Amino acid sequence: MTRKPIDYLQRILTASVYDVAHETSLDLAHNLSRRLHNSVLLKREDQQPVFSFKLRGAYNKMSRLGEEERRRGVICASAGNHAQGVALSARKLGCRAVIVMPSTTPKVKVDAVRAFGAGAVDIVLEGESYSDAAAHAQKLQVERGLSFVHPFDDPDVIAGQGTVAMELLRQHPGPIHSVYIPVGGGGLIAGMAAYIKRLRPQIKIVGVEPEDADAMARSLCKNTRVTLPRVGIFADGVAVKKVGKETFRLAQLYVDEIIRVNNDAICAAIKDVFEDTRSILEPAGALSIAGMKAAIAGDRLKGKTLAAVASGANMNFDRLRHIAERAELGEKREAVLAVTIPETPGSFKTFCGLLGARNITEFNYRYADPRMARVFVGLSVPGEGEGKRIVELLGRHGLEAIDLSDNEMAKLHIRHLVGGRAPDAVNEVLFRFEFPERPGALMQFLQSMSRGWNISLFHYRNHGTDYGRVLVGIQVPDKEKPAFQKFLEGLGYRYWDESRNPAYKLFLG
């Protein structure tokens, strides 16, 4: 007997989601639209009670279970957002839920599941990815006779997620060129694509995946579901090794393109959305915006209406430091260079002069060789290619430079390790300075420091604060200490003598 095809249009139109979910807004991102020369619309699923779209599918599935199934309870596996949806749905429907989460799940999501469940939830942490957690959940399901609430590969879950598209088309009845949707297991893109292609097939459906978790892109390329040996977990909400069987079938029918983006591009997209909305998306939540920006650059789109799903905002606060640091690199607005200059009087000043009025984001230097000095420097740049032009400028003036902007080890590690002991840096004193952080302030400071005493250590990193903070090592012979003290007092900056600091003696002195 042939199984009757699933009518997703009918399922989406009759989905039970609004007992717990909200109709979220479709906002014009004014800054992004102006900068990208297109009308950029953000479907704000971060506004849901659980800060993610996952609530829609979870509740739609659980509300359709029979009374006996609900009495026995449900189980799910989730990287976090689906778990929160199941937890809140269990509380609303009055049933027990066992939730298996990968051990790598951010603490903010684990705590949120407990809070949303309000005593109706048992949490089990197992494995490093969704696939590991899912395997354990299926084992527990059999042992305890529970109903499995799949995070993506279930028609009722897919239909629940499809209500995002139903709202989007109702909120913007005018022309839309393309819709960008994050892809993990495929539930959101399957539901949205099934709805949009039935009603407005001319709209392009574009999925977006991280480069290190691209199971859907590889599966569509090979025309069969591919299992990834491992996945990156920066965008933990889409860290799925294998897409769903039904979601893959629907993607084959309705998805026009899959775009892959790297983590730096995701960080830049988080910053973009913050600048427009003052909301902070999680990496998976900003994935679609990163993909949309890549599509605009690649396809040279201009004057189009583009919609992207801001799918979630369950962000660990302690990840913000990394994201802020990488956002400028992801937007190609920071160049990181290694520059070699002669260890001779005046060369440091010449180097600073060649940098001109460019804003310095980072400056690391430690004396190591009596002939050559190597400086690690970060610069704000207007866009891609500027780092190469700066390298060429320095080269024309005899300074060897290398652009490290795409060097992962340099960005992750080397920038924090420049330094160490310098046995030849005799008569070194160490001072910490603080000055108002404004355009040109660091360059003014650098110019004021190059007055005859040899700089043997220099560290600065722009952290977006009101004050710039610099650590400087300077070789000052004893007989020149009075003159140096007079120089310090006339400098006009707050300073602290750190020459006796134990951290300096242990690692740098």
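Details of the structure are given in the entry above.
As a starting point, this report considers the structure included with it. These figures come from a predicted structure and were not determined experimentally. (Residues numbered from 1 in each chain as written. Predicted model: local features only at pLDDT ≥ 70, side-chain atom pairs only at ≥ 80, totals over all residues. Heavy atoms only, no water.)

## Considerations on the sheet that holds strand 7 (residues 178-182)
Taken in spatial order, the 6 strands of this open sheet run 1-2-10-7-8-9, and their pairing is mixed. Two strands bound the open sheet, and with one partner strand each, they are strand 1 (26-28) and strand 9 (257-261). Strand-to-strand, the axes of this sheet are offset by a mean angle of 25°, without reference to chain direction. Summarising the sheet, strand 7 and strand 10 (residues 305-310) pair through 3 bridges and their orientation is parallel. Across the sheet, residue Ser178 finds its bridge partner in strand 10, namely Leu306. Strand contacts of helix 10 (residues 215-222): strand 8 (204-210) and strand 9, with the helix running at about 140° to strand 9, the strand carrying the most contacts. (Pairing = 2+ DSSP bridges. Helix = DSSP H or I, 4+ residues; strand = E, 2+ residues; numbered from the N terminus. Axes fitted to C-alpha atoms, helices over the stretch in contact; angles between N-to-C directions. Contact = heavy atoms within 4.5 Å.)

## Re the environment of Gly383
Within the fold, Gly383 resides in the loop between strand 13 (372-380) and helix 16 (386-396). Judged by its relative accessible area of 18%, Gly383 is buried. The sequence separation of Gly383 and Glu328 amounts to 55 residues, and the corresponding C-alpha distance is 9.9 Å. (Buried < 20%, exposed > 50% of the residue type's maximum accessible area, 1.4 Å probe, protein only.)

## Here's the deal with the pairing of strand 10
Here strand 10 lies mainly inside the structure; 6 of its 6 residues are buried. By the alternation rule, side chains of strand 10 split into Thr305, Ala307 and Val309 and Leu306, Ala308 and Ala310, which are all buried. As paired elements, strand 2 (residues 39-44) and strand 10 share 6 bridges and run parallel to each other. Along strand 10, the bridge assignment pairs Lys43 with Val309.

## Structural notes on the environment of Tyr365
Note on placement: Tyr365 falls in strand 12 (residues 360-366). For the pair Tyr365 and Phe458, spaced 93 residues apart in sequence, the C-alpha to C-alpha distance is 4.9 Å. Here the side chain of Tyr365 touches Ile455 through a polar contact of 3.4 Å, landing on its backbone oxygen. (Polar contact = N/O pair within 3.5 Å; in protein donor to acceptor, adjacent residues only side chain to side chain.)

## Here we look at the sheet that holds strand 18 (residues 494-497)
If you walk across this open sheet you meet the 8 strands as 14-11-13-12-16-17-15-18, and the pairing is antiparallel. Two strands in the sheet have a free side with no partner beyond their single neighbour: strand 14 (400-403) and strand 18. On average, each strand axis in the sheet is inclined to that of its neighbour by 20°, with strand direction left out of account. Note: strand 12 against strand 16 (residues 454-461), 5 bridges, orientation antiparallel. Residue pairing across strands places Arg366 opposite Leu457, the latter belonging to strand 16. Set on the sheet, helix 19 (residues 481-491) makes contact with strand 15 (428-436), strand 17 (467-475) and strand 18; between it and strand 15 the angle comes to about 10°.

## Quick word on the packing of aromatic side chains
Applying the stated rule across the entire model yields 9 aromatic pairs. Aromatic side chains Phe433 and Tyr495 sit 6.2 Å apart centroid to centroid with 45° between the ring planes, which places their arrangement in the tilted category. Taken together, the residues Phe433 in strand 15 and Tyr495 in strand 18 connect sequence positions 62 residues apart. Ring pairing ties together the aromatic residues Phe431, Phe433, Trp453, Phe484, Phe487 and Tyr495, which thus form one cluster. Over the aromatic face of Phe274 sits the side chain of Arg278, whose NZ or CZ is 5.4 Å from the ring centroid. Taking the ring centre of Trp496 as reference, the NZ or CZ of Arg432 above it sits at 4.5 Å. (Phe/Tyr/Trp six-rings, centres within 6.5 Å; stacked < 30°, edge-to-face > 60°. Lys NZ or Arg CZ within 6 Å of the ring centre and 35° of its normal.)

## Things to note about unusual backbone geometry
Although it is not a glycine, Phe51 sits at a positive phi angle of roughly 60°. Position of Phe51 among the secondary structure elements: in the loop between strand 2 and helix 3 (54-63). Classification of Phe51 by relative accessible area gives partly exposed; the value is 40%. Located in the positive-phi region is Asn223, a residue other than glycine, with phi close to 65°.

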